[in-house]
Each structure stands twice: as structure tokens, then as C-alpha cells.
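Residue-level structural notes
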Amino acid sequence: MQPRPRLPWCESRPDRRWASARVSARVLVSLVVILGAACTGAGLLLAGELSPYTVEDRRSGYTYLSEDNQRLQDDDFANPGLLWVEQGRALWHQADSTTGMSCASCHGDATASMRGVRTRYPHFDSQRGKLINLEQQINRCREQRMQALPYPYESETLLALTTFVGWQSRGLPMHVSIDGPAQPFFEAGRAFYMQRRGQLDLACTHCHDQYAGQRLRGDVISQGQSNGFPIYRHTWQTLGSTHRMFAWCNTSVRAAPSPLGADEYVNLELFVAWRGRGLPVETPAVRR
Amino acid sequence: MKCTLIWQTARLSRRTLLQRLGAAGMLVVLRPAGAWATKETVQQAIRQLIGAREPQPGGVTLRLPKIAETGNSVPLTITADSPMTPEDHVLRIHVFVEGNPEPVAATYHLGRRAGKAEISTRLRLARSQTVLALAEMSDGSVRSGTASIVVTLGACVEEVWGN
Amino acid sequence: MAEPRVRVPSTAKQGEIIEIKTLLSHPMETGHSRDVYGKLIPRYIIHTFTCTYNGEEVFRADWHPAIAANPYLAFYTVATESGRLRFEWIDDKDTVYATEAEITVV
């Protein structure tokens, strides 16, 4: 039987064959040169405000993808998530209420007004007295400012608008606020993350902290970062939100999922966003 | 430091984790027997599309990843060698996926106005297999090319999670 | 859903071989998957794609369930004259998705 192929992005255990290899002076010099170039590159990236895919020990899901899928995400034509960005763009300008207003009526050109917005969500909202995420904010604008009906969670329209708004922050580092009034909700999110659940009795931390980088049957476990959401996920063959991902993960350990938009998921969303602080917004990301 | 605490919570032994996930694996829905393409159905499909002609290996290149990260979306590029002149061009390219439930993936009709006999698309593959492409030439000959791929997460049939 | 996406060069030289990229949103349901209750989800795919160049068909594809969801297709054609390229996708429910692109050939 063929040996299982070793995939380059998988953090496997050190290969014993290398343990006794001797490092020559030439190799050392080459390493120093390469390292120097990489640091300069990273420095240039940060100077340009765009964030790299790895910040300290936090890795974007992008770094766990095959080259083909990385290329697909970077393809400004073929990334399937862009279909939702285009639909979102159309919805942004569409007057959809008794008042004849559209998103553009208040927010004008999204490229300017929505830049940076995705990096700050979810955040504490004094009107609600709890956190609010991007989907809920869009629906709040629709109900209160446009006198329009809110979009159902995970509907194609809400996904399209969320993706379109997220797209405006592409490349900018995630930067959510967890102090002040957001603190107790952040702690609730962290507690959720650490809590064992389901028939398999696993917590998020087991896979995404303890076993990140290792194999789960045919797949590689990522850190479970959320900087790319909403994502085009091949398993779903469509675009999906963070809450859909949480519900999927909960179902996967045989725990009853919460309804999409539930408080516990929004709290978890804040914690996960904080876990990925500094990582670039990749909306719409492509994932397995 | 706060960060370190998070990363050390509730360590689970690898053995326990694997045992539990192995149990979950039992819930993979398996296809009933006879629902897959077989050598016979693939041959039948080939006969239906190109008649009695024997394909000649060569002249058709498939660019397919060696390992599919997910069977749900596998990029494929097929190139058929041909000057693509009115006298000598590719009429059609057929793609066969013998490891899937259905043997034929697509037929592309090119013709003299195509310019270049190259197609790029994304396939759905249920399991590891050899993808076959047949190019029907304007002179009546048929050229063939293949590429093998290992599929770790199959499409079509794995409905483990509820979505 | 969203409009189909096509990428066609807006200008080309006479006789130049141009690459056309297409992408649109469609579940391409195979008919072999099952829902959470174990029931087979009925097949629902786009079965035919055509590209016409000033009314003449220059490319056609017959698709089966092995084509991935939200189908992507890139192919080539020769830029013969200025005019309009029309792209049509037809699915199992006889819905036609269409879009057009203009090209100037010098």
C-alpha cells in the first residue's frame, strides 16, 4: 500500500531522519539571508497596514489550505464568495422599504464608509444592553432607519450584505474591543469555548488549541479563526456565516446547536474574534 | 499570562480524542451497493459517446492536483494538442470520472472557432480515482489522457454532519 | 441569486485567441446526497452551457452532476469581429440564466 502523502502545511512531528543531520556553514548563511528577507517583507506588509496571515502564534485558516484553495481565495474572479459580494453590492443600492431608502441613502459609497467596520464587530451595544454582531447591526438599520423588514439569519440577502460589508475591510487587521461593558460578554464567550459539550464531550479548545495543525482523519484541524467569515466552504458548497460554523461544530460533537443569532453565539463570536486579533479580514475566505 | 492559560485548559489524551472521533466516524452514511460507476458503465458511456472508435493515448494532458483537499471542488484543466485550424481541430472533449456514482462528468463542444483546445473547470469527486479525458478530432480519431488523484474527503456520499 | 460573472477582454486583435472565464451561483445538486433525515435530495443541476458570438454558437458544454457547485468554466475562442458574446446556462427546471459581454475587435 502506498504510504500516506505528507502534506506541506501539516505541522507533523519532527522527522527522525533530520535529527542527526549536520548543518553546514553555507546552510546557516542561507538561512540568515532568507530570514532577513522575510523580516523585511513582513515589515513592509505591516507598514502598508495590510496584515499578514500569521501574527505571533495566531494563524489564519488560509495557512492550512492547499495551494489550489489559496489561489482560489486570491482569485479576484473565480473566488465563489465574490458572487455574494456582487449581490450585496446590488442590495446596498436597492431601495427596499416604504421610505424608499437603501443602505446607500445613509452610508453612501461603501468603499469609504464601510472600510474598517468588519474589524470591530461584534461590539457592545448600549441600546441592546449586550453585544451586537454585523448581521444584527444590518437588520437593526433596516428596521429602525429604513422601516424595512429584517432579513432572516443565514438568508441569501443577509449573507450577501454581510459579505459585501466585510469585503470593504479586506486585508485590515481584526481589532475587537473586549474591555469595558464588553468584558462580561467576552468572558461568557470564553467560558463557552472552554466548556465541554455534546456526546463527544469536547470543547472548542480541544481541537482548535490542543490539536490545531494535526490530522482529523483526512483533514487538518485549523485554529478555528474567524477572520475570513462569511466563508465559501466547500463542505457546504455555499457561503456561510460564523454562526452556521458554530452550529456545525456543535453538531459535529453531537451537541444540540443554538439557533443562529443566539446570544451565546454572539458572545462566542467576540471571543473567537479576539483570539484572531491582528489577523487580516479575508472575507469572503475559501475554506474546506 | 492570560494567553497561556487558555492554551493549557483541560488537556485531552490523544487516545481518548481518537476513540471518540472514531465512534463518530461510524455515522458516515454508506452508499448502497451498485450505486457506483463500474468499469462496465464507464465503457458503456464511452461507447455511447464515441461509438466503436478506439482512443489512442497521448495528445491530451490533464492538470489535476495529486491530492484533493476536498472532493467537493477539484480544479481541472484539460489541454488537447491541436493546431485548431479549420482542417484539423478538436470537435469535442469528454471527461469521465470512473470513481463517481455517474461515469460522465462533462462534454465540451469546441470546433474550429475555439482557437485553443483548453478547458478549466472544477469537478466533484467522490473518491480517489483516475480521471479520463477523450478528445474527438476532426479527422475522426480519438485521443485520450488520464490523471490520478487521491481524494481524502469525498463528495456526493459523505453526509456525516447535519449541515 | 447573483448575476452570472463573466470575464471577457473588452478589446482584442483580429484573430487573437481570447480566454473567457465564467462563474455563476447554482447548487448543482447531484441527486446522490442525502439530507439530515437520510432522504435523497433530488438532482438539480445546470445541464447545458452555450456561448454565442454575434448569434453563432462558438462553444457548448454538457454538464453532469460531477461538476462542482457554483460552476466555474474557462475556455477559449477566436476574436473574429466586434460584437456581442451571449452566455446562457440552462438547468433541470428549464430556468435560463443569461448574461452578455461586448467585445471590440481591431
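Please read all numbers here as calculations on a predicted model, not as lab measurements. (Residues numbered from 1 in each chain as written. Chains lettered and ligands numbered in written order. Predicted model: local features only at pLDDT ≥ 70, side-chain atom pairs only at ≥ 80, totals over all residues.)

Topic: the overall build of chain B
Threshold: Secondary structure counts use DSSP, requiring at least four H or I residues in a row for a helix and at least two E residues in a row for a strand, with both numbered from the N terminus. Two residues form a contact once the distance between their C-beta atoms, set from the backbone, is within 7 Å.
Broken down by element type, chain B carries 3 helices and 9 strands. Written out in order from the N terminus, the α and β elements of chain B read α-α-α-β-β-β-β-β-β-β-β-β. In chain B, of all internal contacts separated by at least 6 residues, the share reaching a separation of at least 24 is 69%.

Some details on the packing of helix H7 (residues 134–145) of chain A against helix H8 (residues 156–167) of chain A
Residue and element names in this part refer to chain A. The condition that has to hold: Helix axes are fitted only over the stretch in contact, all axes being lines through C-alpha atoms; the angle between N-to-C directions runs from 0 to 180 degrees. Angle categories: roughly parallel below 35 degrees, roughly antiparallel above 145, roughly perpendicular from 65 to 115, and oblique for all the rest.
It is the contact of H7 with H8, at a shortest axis distance of 10 Å, that shows an interaxial angle of 110°. Taken together, the axes of H7 and H8 lie roughly perpendicular to each other. Where H7 approaches H8, its residues Leu134, Glu135 and Ile138 are matched on the opposing element by Leu158, Leu161, Thr162 and Val165.

Comments concerning the interface of chain C and chain B
When the parts come together, some accessible area is lost, and that loss is often what is quoted as the size of the interface. Going by this rule: Under the scheme applied here, ten amino acids are nonpolar (Ala, Val, Leu, Ile, Met, Phe, Trp, Tyr, Cys and Pro), four are charged (Asp, Glu, Lys and Arg), and all others, including Gly, are polar. By definition, two strands form a pair when at least two bridges between them are found by DSSP.
Each side of the interface is counted separately: chain C has 24 residues, and chain B has 30 residues. For the side of chain C that touches chain B, the secondary-structure elements that each account for two or more residues are strand E5 (56–63) and strand E6 (72–78) of chain C. In terms of residue count, the dominant contributor to the side of chain C that touches chain B is E6(C) (7 residues). Class assignment for the residues of the side of chain C that touches chain B results in 16 nonpolar, 5 polar and 3 charged. With 2 bridges connecting them, strand E7 (residues 118–123) of chain B and E6(C) associate as antiparallel partners. Among the inter-strand pairings, Thr121(B) is bridged to a residue of E6(C), identified as Leu73(C).

Focus: the interface of chain A and chain C
Between chain A and chain C, the residue contacts involve 10 residues of the former and 12 residues of the latter. The element best represented in the side of chain A that touches chain C is helix H4 (residues 82–92) of chain A, accounting for 4 residues. Of the residues in the side of chain A that touches chain C, the class split is 5 nonpolar, 3 polar and 2 charged.

What to know about the nonpolar core
Filter applied, for reference: Each nonpolar core comprises buried Ala, Val, Leu, Ile, Met, Phe, Trp, Tyr and Cys residues, the members being joined through C-beta atoms within 7 Å. Exposure in this text rests on C-beta crowding, where 20 or more other C-beta atoms within 10 Å of a residue's own make it buried, 12 or fewer make it exposed, and counts in between make it partly exposed. The C-beta atoms are placed from the backbone. How far each domain reaches was decided by an automatic or database domain assignment.
Judged by nonpolar contacts, the single largest core of 85 residues is most densely connected at Ile93(B), Val95(B), Ala105(B), Leu123(B) and Ala135(B). Among the elements that line this core, the one with the most residues is H8(A), at 7 residues. If you count residues domain by domain, this core takes at least three from each of domain 1 (58–78 + 178–287) and domain 2 (82–167) of chain A. Ranked by size, the runner-up nonpolar core spans 25 residues in total, among them Phe185(A), Phe246(A), Ala273(A) and Leu279(A).

Considering the sheet that holds E7(B)
Sheet architecture is open: 6 strands sit in the order E2(B)-E4(B)-E7(B)-E6(C)-E3(C)-E1(C), paired in antiparallel fashion. Looking at which strands have only one partner, the edges of the open sheet turn out to be strand E2 (60–63) of chain B together with strand E1 (5–7) of chain C. Put simply, the sheet's adjacent strands are angled 15° from each other on average, direction ignored.

Topic: the packing of helix H9 (residues 183–194) of chain A against helix H12 (residues 263–275) of chain A
Two quantities define a packed helix pair, namely the angle between the helix axes and the distance between the axes. All names here are of chain A. Direction vectors running N to C along H9 and H12 enclose 90°, while the axes themselves pass 7 Å from each other. Classified by the angle between their axes, H9 and H12 sit roughly perpendicular to one another. When H9 is examined against H12, the residues Phe185, Phe186, Ala188, Gly189, Arg190, Phe192 and Tyr193 are found in contact with a partner set consisting of Glu264, Asn267, Leu268, Leu270, Phe271 and Trp274.

Focus: the confidence of the model for chain B
Residue and element names in this part refer to chain B. The criterion, for reference: pLDDT measures the predictor's confidence residue by residue and takes values from 0 up to 100.
Of the residues in chain B, 74% have a pLDDT of 70 or more, and the chain-wide mean is 82. Residue range residues 23–34 is modelled with pLDDT below 50. Its contacts to residues more than four positions away, or to other chains, number 9 contacts. For the stretch residues 159–163, pLDDT sits under 50, and the model shows 13 contacts to residues farther than four places along the chain or on other chains.

Thoughts on the pairing of strand E3 (residues 17–23) of chain C
Working note: regular strand, side chains alternate between the two faces of the sheet. All names here are of chain C. Pairing of E1 with E3 involves 3 bridges; the strand directions are antiparallel. Each bridged residue has a counterpart across the sheet, and for Val6 the counterpart in E3 is Thr22. Note: E3 against E6, 7 bridges, orientation antiparallel. Within E6, the residue paired with Ile17 across the bridge is Val78.

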